[in-house]
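Each chain, written out:
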Amino acid sequence: MNREHVFRFKQFEVRNRMSAMKVGTDGVLLGAWCPVAGCRRVLDIGAGTGLISLMIAQREPDAFIDAVEIERDAAAEARDNFDSSPWSDRLRVIEADFNRWAAGIDAPYDLIVSNPPYFNSELKAPDASRALLQAV
């Protein structure tokens, strides 16, 4: 399958060459439809390429977004996507296992989003990076 490696949106672009979780319709819809008005602190769990975080930053100019990602290549790609965006000062990648990292949260978030991969017990992730995400 031939996939695009750069997706261009109104004010930003998302590279998704390294991340196991590619840009897809579900992420675009979640980023467009989640209620962000008035949100100041946002948490994106399993951020992948950072797509949803970027869409929230575009939609809510006062939001600061923490994007937690366990997979090293995805976290690096999200960091690059954030650094290339107009909102790099409001976006932060946290490369960590959410279950361990969450124990140290010191203040509440106004919005928590997550777009996890969906696998039933009969289907297995097609590669090791996606399987890592499945275990979280």
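Residues numbered from 1 in each chain as written. Predicted model: local features only at pLDDT ≥ 70, side-chain atom pairs only at ≥ 80, totals over all residues. Heavy atoms only, no water.

1. Some details on helix 2 (residues 51-59)
So, step 1. Extensive coverage of helix 2 is indicated by the burial of 7 of its 9 residues.
So, step 2. Here helix 2 has its buried residues at Leu51, Ile52, Ser53, Leu54, Met55, Ile56 and Ala57. (Buried < 20%, exposed > 50% of the residue type's maximum accessible area, 1.4 Å probe, protein only. Helix = DSSP H or I, 4+ residues; strand = E, 2+ residues; numbered from the N terminus.)

2. As for the packing of helix 1 (residues 25-33) against helix 2
Packed helices, taken two at a time, are described by the angle between their axes plus the distance between the axes.
So, step 1. Relative to each other, helix 1 and helix 2 sit at 25 degrees, their axes nearing to 8 Å. Judged on the interaxial angle alone, helix 2 and helix 1 are roughly parallel. Seen from above, helix 1 lies across helix 2 with right-handed handedness. Contacts from Gly27, Val28, Leu30, Gly31, Ala32 and Trp33 in helix 1 reach Leu51, Ile52, Met55 and Arg59 in helix 2.
So, step 2. Here the contact of helix 1 with helix 2 is built from residues that sort into 7 nonpolar, 2 polar and 1 charged. (Axes fitted to C-alpha atoms, helices over the stretch in contact; angles between N-to-C directions. Parallel < 35°, antiparallel > 145°, perpendicular 65-115°, else oblique. Left-handed = near helix turned anticlockwise from the far one by under 90°. Contact = heavy atoms within 4.5 Å. Nonpolar A, V, L, I, M, F, W, Y, C, P; charged D, E, K, R; others polar.)

3. Observations regarding the pattern of salt bridges
So, step 1. If you walk through the whole model with that rule in mind, you get 7 salt bridges.
So, step 2. Glutamate 13 serves as the salt-bridge partner of arginine 15, at 3.0 Å between the closest nitrogen and oxygen.
So, step 3. Accessibility expressed as a relative area gives 40% for arginine 15, which makes it partly exposed.
So, step 4. In this structure glutamate 13 comes out as partly exposed when scored by relative accessible area, which is 27%.
So, step 5. For aspartate 66, the salt bridge goes to arginine 92, with nearest N and O atoms at 2.8 Å. Taken together, the positions of aspartate 66 in strand 4 (residues 64-69) and arginine 92 in strand 5 (residues 91-95) put the pair 26 residues apart, joining distant regions of the chain.
So, step 6. The class for arginine 92 is partly exposed, based on a relative accessible area of 44%.
So, step 7. One connected set of salt bridges, linked through shared partners, spans Arg40, Glu60 and Asp62. (Salt bridge = Lys/Arg side-chain N within 4 Å of Asp/Glu carboxyl O.)

4. Some words on helix 3 (residues 72-83)
So, step 1. With 12 residues, helix 3 should reach 16 Å at 1.5 Å per residue; the first-to-last C-alpha distance of 16 Å fits that figure.
So, step 2. For helix 3, the set of buried residues is Ala74, Ala75, Glu77, Ala78, Asn81 and Phe82. Viewed along the axis of helix 3, the buried residues span an arc of 165 degrees, placing them on a single side of the element. In helix 3, the exposed positions angled more than 90 degrees off the buried face are occupied by Arg72 and Asp83.
So, step 3. Tucked inside the fold, the buried residues of helix 3 contact strand 2 (13-15), helix 2, strand 4 and strand 5.
So, step 4. Two or three places before aspartate 73, at the opening of helix 3, glutamate 71 has a side-chain oxygen 3.3 Å from that residue's backbone nitrogen. (Expected span 1.5 Å × (residues − 1). Arc of directions from axis to C-beta. Polar contact = N/O pair within 3.5 Å; in protein donor to acceptor, adjacent residues only side chain to side chain.)

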